[in-house]
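# Survey of secondary and tertiary structure
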Amino acid sequence: MIQCKICNREIQLIISFGKMPIANGFLNAEDFHQEYFFELACGFCEHCKTFQLLHQPDRSQMFHEQYAFYTATSKHMSEHFEVMALNYIQHWLVTQKDPFVVELGSNDGTMLKHFTKRGIRHLGIEASQNVAEIAKKNGVETKCCFFNDTTAKEIQQSYGKADLISVANVHFSNMGEVARGIALLLKDDGIFVFENPYIGNVIQNVAYDQIYDEHSFIFGLNSVSYIFGCEELDVFHVETQETHGGSMRYYLCHKGAHNKRSSVTELLHQENDVLCLNRMEIYRTFAKNCERQKQELVALLKKLKAEGKSVVGYAATAKSTTVLNYCGMGPELIPCIYDTTPIKQGKYSPGMHIPIKPYTIDWYKKVDCAILFAWNHAKEIFDKESEFTKNGGQWILSTSCLQ
Ligand code: TYD
């Protein structure tokens, strides 16, 4: 029997994407022989309504001193986090005396630097040493550790309780401990903001590339309410966000501390009565759609190859690891991927070992088609790469995410 990671009930397999490496595990050729793999399989729990990975790789395989994701590399995400920080300051912190803000998974400090600049007390919690060091260099107070109830107690002892705790696009495998830690660290009238890719968008858009090792769970309102409800934390407001192909921002507080807004009942109606995300059938259909998409993408790339077209990958995202390995597409179909992140350049993609080349402004000169793995930044990229399409270049989407 496979147990739900949230409520321990029995859970059914929805889909297995097969043997999968660590999504951000870009590697050198000499390390191919010792690459780590696990089975990427997902299930949906009918009791707590949480969509989740069935097998969790060891955390130290994912977050370490070589962690390859830096928030600041995306202009769009940097802007998103600036707007988020200003929103916190203007709407939630303005009335608080000497407020204290905590961000979990604070990465390179892209969000918290807006508090540093304004002299607002803050603390970032970041498990990967290399990105935590960058944040510290930028003046963002950062503690390099995993968050749980023990860490929460330590933070409380050193800094006091938090007026605001923010968590965006951070995916914990130990949700129970995290929820307990947040309940401990949050002031009585404090606000906890939790933002993640939304299950409704993943299912509707067949954006299966959102499923990878770090994304242990893909949340909806039902699951967020269940998980944090166990610690007497209540969702009192929600806002949709455009990031990552459709995200949801949940505002939580200690039970009864803030008035519940109509946004919550509206989303609940949408989730249960319109999208039917509380029912197993929706996930079974999703599994069939993933398989269909895989076949269509592989057929398209084989056809382009037969026609002599040159195809490259654009942006070595974590998401691309799921697509490439699930579809079994390696250098024979995609000879290289261009990416702007220095730590990935010169390395190879996890599992399929496609060379990652440094992005150059004339990357597209000999390219007929580019498979866009960073579809979540499509607008920014399409604007930036107008010369590619003007020269007859064609974009291919790795999933049907933008349809
Ligand atoms: P990201 O949105 O973080 O996706 P994921 O979470 O799936 O990794 O993608 C960031 C990657 O995309 C990073 O390696 C940089 C790359 N990238 C480019 O190469 N060019 C671009 O214009 C953008 C926006 C990203």
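Residue numbers run consecutively from 1 along every chain, following the written order of its sequence. Under the rules for a predicted model, residues below a pLDDT of 70 receive no local features and side-chain atom pairs below 80 are neither given nor counted, while totals for whole chains, interfaces and linings still include all residues.

## Things to note about the sheet that holds strand β1 (residues 12-21)
Rules: Paired strands, in this sense, are two strands between which DSSP finds at least two bridges. Numbering of helices and strands runs from the N terminus; a helix is a DSSP stretch of H or I covering at least four residues, while a strand is a stretch of E covering at least two. Contact criterion: two residues are in contact if their C-beta atoms, reconstructed from the backbone, are within 7 Å. Between N-to-C directions, angles span 0 to 180 degrees; the directions come from axes that are lines fitted to C-alpha atoms, helices contributing only their stretch in contact.
With respect to topology, four strands assemble into an open sheet ordered β1-β2-β3-β9, the strand pairing being antiparallel. Of all the strands in the sheet, just β1 and β9 (217-218) have a single pairing partner and so form its edges. Across two bridges, the pairing between strand β3 (residues 51-53) and β9 is antiparallel. The partner of F51 across the bridge, within β9, is I218. Here helix α10 (residues 280-306) sits on the sheet and contacts β1 and β2 (37-44); the angle it forms with β1, its principal contact strand, is near 35 degrees. Along the sheet, helix α11 (residues 318-327) contacts β1 and β2; its crossing angle with β1, the most-contacted strand, is approximately 90 degrees.

## Let's talk about unusual backbone geometry
Going by this rule: For every residue, the other C-beta atoms within 10 Å of its own C-beta are counted; 20 or more classify it as buried, 12 or fewer as exposed, and values in between as partly exposed. C-beta atoms are placed from the backbone.
One non-glycine residue, N8, adopts positive backbone phi at about 70 degrees. You can see N8 is positioned in the segment before β1. In this structure, E232 is a non-glycine residue whose phi angle is positive, near 65 degrees. By secondary structure assignment, the location of E232 is in the loop between α8 (221-229) and β10 (233-241). Overall, E232 belongs to the exposed group, with 11 C-beta atoms counted inside 10 Å.

## Considering the sheet that holds strand β13 (residues 337-339)
Ordered by their spatial adjacency, five strands build an open sheet running β14-β13-β12-β15-β16, and the pairing between neighbours is parallel. Each edge of the open sheet carries a strand with a single partner, namely β14 (356-358) and β16 (394-397). Averaged over all pairs of adjacent strands, the angle between strand axes in this sheet comes to 35 degrees, irrespective of strand direction. For strand β12 (residues 311-314) and β13, the ladder comprises two bridges, and the chain directions are parallel. In the strand pairing of β13, Y314 is matched with Y338.

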